[in-house]
Amino acid sequence: MRTSRPQSRFDRPRILWTFTGAGVPAVLAVAGLWFPAVLRPRAAEWKPAPQQFRQEVATRVAEANGLASRDIQLLDFAPDDKLRVFAGGRWSERRPAGWEVLPDLDQQEEAEFVFADATERPQAVPIPWREVRQLVRQGPKVWLATAADPILVEDGQVRRVGWPSRHRVNQIAVGPEGALHVAGSGGLYHRSGTRWAPIEIRDGSGRAWGVQDVLGVAFDTAGQMWFATRAGVGCRTAAGWKFYEGKDGLPWNDFTGLSAGLGGEVWLSTRLGAIRFDAVGWHYRQGPRWLPADDVRQIVVDAQGTAWFATPGGLGGLERRSMTLAEKARFYEEEVARYIKRTPFGYVAEAALNRPADKSSANPQDSDNDGLWTAMYGAGECFAYAATQDSQAKVRAQQAFEALRFLQVVTQGGEHAPPKGYVARTIRPLDWPDPNVGRLEQDRAAQQRDRLWKLYEPRWPKSADGQWYWKSDTSSDELDGHYFFYPLYYDFCADTEAERERVREVVRGLTDHLLGHGLVLVDHDGRPTRWAIFGPQFLDRDPNWWPERGLNSLSILSYLAVAAHVTGDPKYAAASRDLIERHGYAQNLMYPKVQQGPGSGNQSDDEMAFMCYYNLLRYSKDEALKAQARYSFFGYWANEAPEMNPFFHFAYAAHNLAATATNPWGQWSLRPWPGWFEDSLATLYGFPLDRLNWSHRNSHRLDLELLGLQQSGDLYEARRGGRGRRVNGRVLPVENRHFNHWNTDPWRLDYHGQGNELASGTVFLLPYYLGLYHGFIQKP
């Protein structure tokens, strides 16, 4: 490639760093000076993750006896552990064949309450049934709670126990020794003999807890007492009281009660979701993905560990099923195949639903980045085949290759054909509405926001065979996806020489297009596309392009490494070396993006960067370049680590687990910091099976800190509100967010949606199979 960059940039050689990678001694050369690097591998501090885990699945009660939409008042268990629900004056019982109304327990009068006693006989007590808030069984005894009184029912007799009438009753619980405890407006009390005594609680700072407005009380399976107030939650352990506030991870505090789960777990019901506390920590469940309604009145847990929620929107349940990661992957793959793949080529993005929550009404449409999303899906299937030799994974990867290859083929031969090698963003059938109608007006509006936005027609040319519209103005993120996929397919799935040559043809065509046009992607109008700009005339000398200098330098060097690997043609390595030696591209990639710490930057860029780093370090034979890239990758990964992204973590660890860096002050490891592995697994295990775009609210939470101005996407942008992190520095767990792809801002707190779009499982499949291939996860 001919360039005009002056040589003076390298008149004064400077060197600060030397780097090494796993198993490969490296040297760094600048202006003819060579510096040896030393490799010091370290033993692994992790073991491959187990396949088996417990998957949370929300249970939505069918429209049986109105339970799916009725205001649930009480939950109870029969002696054989069958769940009973009291709603609208009627009891219903959950049985293997479905829900059954219990007519013998119907309420006959407004002024009485009928329930089953310990012998399963109907028991009527003179309490207005609408006022009963809780039913607690203690052997043959039954305790009932209204807002005014705890009431004992024993041997058919109703007895009030002298509760001070000035205090409202919020919840009752029976301790291991049989004593009744009451959480009330006047504090936390227990009944000793015939007297009520307050429980005095103080923390190490001298603060008094539970002196008023105690909202819940319960005893866990270890016999420890828990209480809940707006100030926080307390637990009486053998070592003394332990307290939890927002700073300790408690998500919310508008409690309606407490309940014991299995194995020492505790559930907290609130007016805005449900909370579980276990040995791992705090888990918040809110929104229609998890609950029929956010106002949770009561929670009970059955013998299998399923939590049941009484809400004004009906009865909900949360089951934790034994599952393997391989089974989870199979679930997503079947869903992608059934609902999301589009056109005979099988493009993968997401699918709109004609009826919310009804996946059978899926109607997938084209997206702006079908090439990228299909490439990432296909890359996952390449790793799947390499790791498992599953023939179906190979078939899926082959379909992805044909879909991506067609994006290059479809652009040629028509009235508006770009230079050979160009790839389209996506396609759509010609019998769909013409996407060019009104498009120019949209582009004029876009140009008001982005003065480099292109105005031209048609943005959607027709294919030569008259069957397809194809979308032009292809961007760098599309190319990153294509180049990420092709070498994986070439190495793992292309078994025959004829198939490998088809891959070479595609890679050669695209790369030669870039080399032949000054390292830009040229559209059918003869001009570069808006974003696919990689030449030094732009990145090094055009002030409009300095923000993209680092990332696009990384991209093009990775493309050339892929082309050299796939085709074997030395011209691509020579072009890479020219960019490094004459245009400083190795220096450019040291800082792919200007960022101001975790939460800043652009997630699309992050996704692109990790694909390109992975490729560059996997395929390049330029050890000096790879040595620099390893440290650059370390800096980029460190910025992204709090996002708990398993794709990012596994892609980084695959190359840098045993890498080191050396500067004039010494040598240190580039190994990912502690927590990367656990965070990766938490996300993979935590992904909901339900990939519908349900809304999530988090901005009210107590365990969050808002991000500052420095962590805007770009400093020139107006501040993006509603962004934050947990007090542990990490983003919200994946269970509390919804996103279609890894380019979504994970620092957002609130998510909007109505269950009318089904997202692909690629966000799970790619990191799972990547981790499986590299040994981070046990083979199924």
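Higher on the page you've got the structure.
Keep in mind the model is a prediction, meaning the values are calculated, not measured.

Peer 1: Explain the overall build of the chain here, please?
Peer 2: Scanning the chain for helices and strands turns up 15 helices and 43 strands. Each principal axis of the C-alpha distribution contributes one length, and for the chain these read about 100 × 65 × 50 Å. The long-range share in the chain, meaning contacts at least 24 apart out of those at least 6 apart in sequence, stands at 61%. As displayed, the chain offers around 31,300 Å² of accessible surface, 50% of which is attributable to carbon and sulfur atoms. Across the chain, the mean location of the 90 positive side-chain charges is 4 Å away from that of the 92 negative side-chain charges.

Peer 1: Would you take a moment to explain the pattern of salt bridges for this structure?
Peer 2: Pairs may arise between side chains of opposite charge once their charged atoms sit close together. For the structure on display, the rule yields 58 salt bridges. As a salt-bridge pair, lysine 359 and glutamate 335 come within 2.6 Å of each other at their nearest N and O atoms. Here lysine 359, found in the loop between strand E32 (350-353) and strand E33 (362-363), pairs with glutamate 335, found in helix H1 (residues 325-340); they are 24 residues apart in sequence, far enough to count as distant. Using a relative accessible area of 26% as the deciding quantity, one classes lysine 359 as partly exposed. A salt bridge links aspartate 512 to lysine 571; the shortest N-O distance between them is 3.1 Å. Of this pair, aspartate 512 sits in helix H6 (residues 497-516) while lysine 571 is found in helix H9 (residues 570-583), placing the two residues 59 residues apart along the sequence. Judged by relative accessible area, lysine 571 falls into the partly exposed class, the value being 37%.

Peer 1: Whenever I open this one, the sheet that holds strand E7 (residues 90-95) confuses me. Can you help?
Peer 2: Whether parallel or antiparallel, the strands of a sheet pair through hydrogen bonds between backbone atoms. Reading across from one edge, E5-E6-E7-E8 is the order of the four strands in this open sheet, with antiparallel pairing throughout. Two strands lie at the open edges of the sheet, namely strand E5 (74-77) and strand E8 (98-101), each paired on one side alone. For this sheet, the mean inter-axis angle between neighbouring strands, taken without regard to orientation, is 25°. Direction of pairing for E5 relative to strand E6 (residues 83-87): antiparallel, over a ladder of four bridges.

Peer 1: Is there a simple way to explain the packing of helix H2 (residues 370-388) against helix H5 (residues 476-492) in this structure?
Peer 2: In the contact formed by H2 and H5, the axes pass within 8 Å of each other and the chain directions differ by 25°. Relative to H5, the element H2 is oriented roughly parallel. At the point where H2 passes H5, the crossing takes the left-handed sense. Within the contact between the two elements, H2 uses Asp370, Gly371, Leu372, Ala375, Gly378, Ala379, Cys382, Phe383, Tyr385 and Ala386 and H5 uses Asp477, Glu478, Gly481, His482, Phe484, Phe485, Leu488, Tyr489 and Phe492. A breakdown of the residues in the contact of H2 with H5 according to their chemical character gives 12 nonpolar, four polar and three charged.

Peer 1: Please clarify how the environment of aspartate 370 should be interpreted in this entry.
Peer 2: Along the polypeptide, aspartate 370 turns up in helix H2. Along the primary structure aspartate 370 and alanine 424 are separated by 54 residues, whereas in three dimensions their C-alpha atoms are 9.3 Å apart. With near-sequence residues (within four places) excluded, aspartate 370 lies in contact with Arg342, Tyr347, Val348, Ala349, Arg425, Thr426 and Glu478. Looking at aspartate 370, its side chain comes within polar contact range of the side chain of threonine 426, at 2.5 Å.

Peer 1: How should I be thinking about H9 in this particular structure?
Peer 2: An α-helix turns once per 3.6 residues; consequently, residues spaced three or four apart project the same way. Counted at 1.5 Å a residue, the expected span for H9 with its 14 residues is 20 Å, and the 19 Å between its end C-alpha atoms agrees. Along H9, the residues that are buried comprise Tyr572, Ala575, Ser576, Asp578, Leu579, Ile580 and His583. Along its buried surface, H9 packs onto H6, helix H7 (536-539), helix H8 (549-567), helix H10 (585-588) and helix H12 (623-640). The opening residue of H9 is aspartate 569, an N-cap whose side-chain oxygen sits 2.9 Å from the backbone nitrogen of lysine 571. Looking one or two residues beyond H9, the residue adopting positive phi is glycine 584, at roughly 65°.

Peer 1: Just to check I follow, could you spell out the nonpolar core for this structure?
Peer 2: Where a protein is soluble and globular, its nonpolar side chains tend to be buried together. Core analysis: the largest hydrophobic core is formed by 137 residues, its most contacted members being Leu479, Phe647 and Tyr768. The residues contacting phenylalanine 647, other than those within four sequence positions of it, are Met376, Phe484, Glu607, Phe610, Met611, Trp742, Leu766, Pro767 and Leu770.

Peer 1: Looking at this structure, I do not really get unusual backbone geometry. What am I missing?
Peer 2: Backbone phi values are negative for most residues with the exception of glycine, while trans is the configuration of most peptide bonds. Omega for the peptide link from glutamate 457 to proline 458 comes to -10°, which places this bond in the cis form. In this structure, proline 458 sits in the loop between helix H4 (439-449) and strand E35 (468-470). A positive phi angle, near 60°, is found at leucine 519, a position not held by glycine. Counting through the fold element by element, leucine 519 comes out in the loop between H6 and strand E36 (520-522). Residue class for leucine 519 comes out buried when judged on its relative accessible area of 0%.

Peer 1: Help me understand the packing of aromatic side chains in this model?
Peer 2: How two aromatic rings sit relative to each other is set out by the distance from centre to centre and by the angle between their planes. Tallied over the full model, the rule gives 62 aromatic pairs. Ring geometry for phenylalanine 739 and tryptophan 742: centres 5.1 Å apart, planes at 45°, overall tilted. For tryptophan 742, a relative accessible area of 7% corresponds to the buried category. Above the face of the tyrosine 456 ring, lysine 454 is positioned so that its terminal group lies 4.6 Å from the ring centre.

Peer 1: Quick question: what am I supposed to make of the pairing of strand E37 (residues 528-533) here?
Peer 2: Moving residue by residue along a regular strand, the side chains alternate between the two faces of the sheet. Summarising the sheet, E36 and E37 pair through two bridges and their orientation is antiparallel. Residue valine 522 lies in a different strand from E37, and its bridge partner there is proline 528. Hairpin connection, E36 to E37: the antiparallel pair is bridged by five residues, and glycine 526 has positive phi, about 85°.

Peer 1: What is the right way to read H5 from this model?
Peer 2: With 17 residues, H5 extends 25 Å from end C-alpha to end C-alpha; this agrees with the ideal 24 Å at 1.5 Å per step. Among the 17 residues that make up H5, 16 are buried, leaving the element largely enclosed by the rest of the structure.

Peer 1: When you look at the side chain of aspartate 220 in this model, what are you seeing that I'm missing?
Peer 2: Mapped onto the elements of the fold, aspartate 220 is located in the loop between strand E21 (214-219) and strand E22 (225-229). Summary of buried charges: aspartate 220 has no salt-bridge partner, and the nearest side chain of opposite charge, arginine 236, is 10 Å away. Of note is the side chain of aspartate 220, whose polar atom sits 2.9 Å from the side chain of glutamine 224. Those residues in contact with aspartate 220 that lie beyond four places of it in its chain are Trp226, Ala260, Gly264, Glu265 and Val266.

Peer 1: When you look at the state of the cysteines in this model, what are you seeing that I'm missing?
Peer 2: By definition, a disulfide links the sulfur atoms of two cysteines through a covalent bond. What the rule picks out here adds up to zero disulfides. Summary of cysteine pairing: cysteine 493 is not part of a disulfide, and the nearest cysteine sulfur, belonging to cysteine 382, is at 4.1 Å. Cysteine cysteine 612 is unpaired, with the sulfur of cysteine 382 as its nearest cysteine sulfur at 17 Å. Residue cysteine 612 is classed as buried on the basis of its relative accessible area, which comes to 2%.

Peer 1: What's the story with the environment of tyrosine 768 in this structure? I'm lost.
Peer 2: For tyrosine 768, the position within the fold is in helix H15 (residues 762-773). Taking the C-alpha atoms as reference, tyrosine 768 lies 28 Å from alanine 564; in sequence the two are 204 residues apart. Once residues within four sequence positions are removed from consideration, tyrosine 768 is found in contact with Gln51, Leu325, Ala326, Ala329, Leu684, Ile777 and Pro780.

Cut-off values and rules
- Residues numbered from 1 in each chain as written.
- Predicted model: local features only at pLDDT ≥ 70, side-chain atom pairs only at ≥ 80, totals over all residues.
- Heavy atoms only, no water.
- Helix = DSSP H or I, 4+ residues; strand = E, 2+ residues; numbered from the N terminus.
- Contact = heavy atoms within 4.5 Å.
- Areas by Shrake-Rupley, 256 points an atom, 1.4 Å probe, with all protein chains shown as cover.
- Lys, Arg positive; Asp, Glu negative; His and termini not counted.
- Charge placed at Lys NZ, Arg CZ, Asp CG, Glu CD.
- Salt bridge = Lys/Arg side-chain N within 4 Å of Asp/Glu carboxyl O.
- Buried < 20%, exposed > 50% of the residue type's maximum accessible area, 1.4 Å probe, protein only.
- Pairing = 2+ DSSP bridges.
- Axes fitted to C-alpha atoms, helices over the stretch in contact; angles between N-to-C directions.
- Parallel < 35°, antiparallel > 145°, perpendicular 65-115°, else oblique.
- Left-handed = near helix turned anticlockwise from the far one by under 90°.
- Nonpolar A, V, L, I, M, F, W, Y, C, P; charged D, E, K, R; others polar.
- Polar contact = N/O pair within 3.5 Å; in protein donor to acceptor, adjacent residues only side chain to side chain.
- Expected span 1.5 Å × (residues − 1).
- Core = buried A, V, L, I, M, F, W, Y, C linked by side-chain atoms within 4.5 Å.
- Phe/Tyr/Trp six-rings, centres within 6.5 Å; stacked < 30°, edge-to-face > 60°.
- Lys NZ or Arg CZ within 6 Å of the ring centre and 35° of its normal.
- Disulfide = S-S within 2.5 Å.

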